[in-house]
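Fold and contact review
This is what each chain is made of:
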Amino acid sequence: MLIVNIGELVGIVPAGVLRKQGPEMSETGILRNAWLRVADGRIEGFGTGPATPDAGEETVDAGGGMVMPAFCDSHTHIVYAGSREGEFLDKIEGLSYEQIAARGGGILNSSDLLHDTPEDELYRQSMERVTEMMEAGTGAIEIKSGYGLNPADELKMLRVIRRIRETVPAVVRSTFLGAHAVGRGYTREEYVSAVIGMMPDAAGLCDFVDVFCDEGFFTPEDTDRILRAAEPFGLRPKIHANELAVSGGVEVGVRHGALSVDHLERTTPAQVEALHGTGTMPTMLPGSSFFLGIPFGEAKAFVSAGLGLALASDYNPGSSPSGNMRFVMALGCIRMRLTPVQAFNAVTLNSAYAMGISDIAGSVTPGKLANLIVTRPGWNLTRLAYNYSTPFASRIILRGKTLMQLI
Ligand code: NIG
Ligand code: FE
């Protein structure tokens, strides 16, 4: 495929650059009046000016639109059953996330629904969300378990994630989040041991391990036990930390070489310091701040301190019922005061890094997967965040094939 007449080709990154940190967050490679060639599902090359198609090559005329890498979403919980609309009404009435959880709602409510849902039906419901995300321009999705909360149902979730991975053109990575809440019928101690007991079977079905290390859920000591059990299986941690309180999750994650620490709505300078010089990507989830009405992470402080930053959707039924990464990018600008380029890097290359795939996705780089969004004419990165709900895409391309043509 040859894409011609590109107004702006954005997100050009040299091969070997796997993430952006500090001042690099404000940079992205842009070519104007460009073309881009795709071969075997990957980006083969690009340049400026006119280009001539090879014999038999499909030509796509971008009509002066922007071409950008598809979004990468490094933190989701999109394998779930049913919905939690009832809790949405409770929330409108004034109950907090913690109050809803304490009444047996929240994650345990989703766990009961998942238990009663056959595996095929769970796959079908989850695929609807994956399709919705791909059609909104997401080309890579990390998906967590964590609504099973017992060995059989956690493995059921992980099998559904594997089946999604085998079916869809988006890149899918899988995370074992057995420690998302204490399963029904267990004490916390017993449940942590049960999660450790699930590790050998779970490890065969996942890439990463996660723990909800937060007030009312799991402690740093629980987290440490679980991460030590995951280590022999080569599972790098991605930790839920500091959503509800300053939890100690950042420090325990960094100690275990976490790929990312996520949420960070309540982080202090000590944790910013703990992240310095590490391979851990701080990841913020502004969709859940927006939906829960809790603080937004101090994104600018992280970037000013020289750290990288990823943004992800946290798509889940309780705290962020949207997987729209363009809205996440807009919230990064509007509510966290990131510049459009910083927010763009956070939802593409850095989010790819936070799911361990920035060598194959997240930027316009020869050899990477051709996961691309072609926009309508007249779009640029600033307008993407500014006119945050105006239809912008003309074509979504995943692995070099057109998934959707919109105009
Ligand atoms: O990232 N914080 C923990 N897990 C999810 C919420 C899951 C749910 O409420 O179902 C989150 O916000
Ligand atoms: Fe989450």
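Residues numbered from 1 in each chain as written. Chains lettered and ligands numbered in written order. Predicted model: local features only at pLDDT ≥ 70, side-chain atom pairs only at ≥ 80, totals over all residues. Heavy atoms only, no water.

Side note on the sheet that holds strand S10 (residues 236-241)
Stated precisely, the cut-off is as follows: Strands qualify as paired when DSSP identifies two bridges or more between them. In DSSP terms, a helix is any run of H or I states spanning at least four residues, a strand is any run of E spanning at least two, and both are numbered starting from the N terminus. Any two residues having at least one pair of non-hydrogen atoms within 4.5 Å are treated as being in contact. Note on method: axes are straight lines fitted to C-alpha atoms, helices fitted across the in-contact stretch only, with angles between N-to-C directions ranging 0 to 180 degrees.
Read from one edge to the other, the open sheet built from 8 strands follows the order S6-S7-S8-S9-S10-S11-S12-S13, with strand pairing classed as parallel. Taken across any chain shown, the strands that pair with only one partner, and hence form the sheet edges, are strand S6 (71-73) and strand S13 (310-311). Here strand S9 (residues 208-213) runs beside S10; their pairing, made up of 4 bridges, is parallel. For valine 209, the partnering residue across the bridge sits in S10 and is proline 237. Relative to the sheet, helix H5 (residues 151-167) contacts strand S7 (138-144) and strand S8 (171-179), its axis offset from that of S8 by approximately 175 degrees. Sitting on the sheet, helix H12 (residues 325-334) is in contact with S6, S7 and S13, with an inclination near 90 degrees to S6.

Regarding the pairing of S9
It is a general feature of regular strands that their side chains alternate between the two faces of the sheet. What counts here: Any residue under 20% of the maximum accessible area for its type is buried, any over 50% is exposed, and the rest in between are partly exposed; the area is computed with a 1.4 Å probe on protein chains only. Handedness of a crossover: with both strands directed away from the viewer, a clockwise path from the first strand across the helix to the second marks it as right-handed.
Most of S9 is tucked away: 6 of the 6 residues are buried. Alternating positions in S9 separate into two faces, Phe208, Asp210 and Phe212 on one and Val209, Val211 and Cys213 on the other, with burial throughout. Relative to S9, S8 runs parallel, the two sharing 3 bridges. Residue pairing for S9: phenylalanine 176 is matched across the bridge by valine 209. After leaving S8, the chain enters helix H6 (residues 188-203) and then returns to the sheet as S9, a path that is right-handed. The handedness of the S9 to S10 crossover, carried by helix H7 (residues 220-230), is right-handed.

A look at the environment of threonine 219
With respect to the helices and strands, threonine 219 occurs in the loop between S9 and H7. Threonine 219 gets classed as partly exposed once you look at its relative accessible area, which sits at 23%.

Structural notes on H6
Threshold: Here the expected length of a helix is defined as 1.5 Å per residue gap, with one fewer gap than residues. Axes are fitted to the seven residues ending at a residue and to the seven starting at it; the angle between these axes is taken as the bend at that residue.
The terminal C-alpha atoms of H6 lie 22 Å apart, and with 16 residues this matches the ideal 22 Å at 1.5 Å per residue to within 8%. Of all the bends in H6, the largest measures some 30 degrees and sits at glycine 197, one to four residues before the proline proline 200. The secondary structure elements touched by the buried residues of H6 are H5, S8, S9 and H7.

Remarks on the domain arrangement of the chain
Using the following cut-off: Here the bounds of each domain stem from an automatic or database domain assignment. A 1.4 Å probe defines the accessible area here, and the buried area is the portion of it lost by two parts on being joined, summed over both.
Along its sequence, the chain is carved into domain 1 (2-70 + 361-405) and domain 2 (72-353). Between the C-alpha centres of domain 1 and domain 2 the distance comes to 28 Å. Contacts between domain 1 and domain 2 engage 39 residues on the former and 35 residues on the latter. At the boundary of domain 1 with domain 2, total buried surface from both sides reaches about 2,900 Å², with 67% on carbon and sulfur atoms. On the domain 1 side of the interface with domain 2, the three residues burying the most area are Arg19, Met25 and Tyr388, jointly 23% of the side's total.

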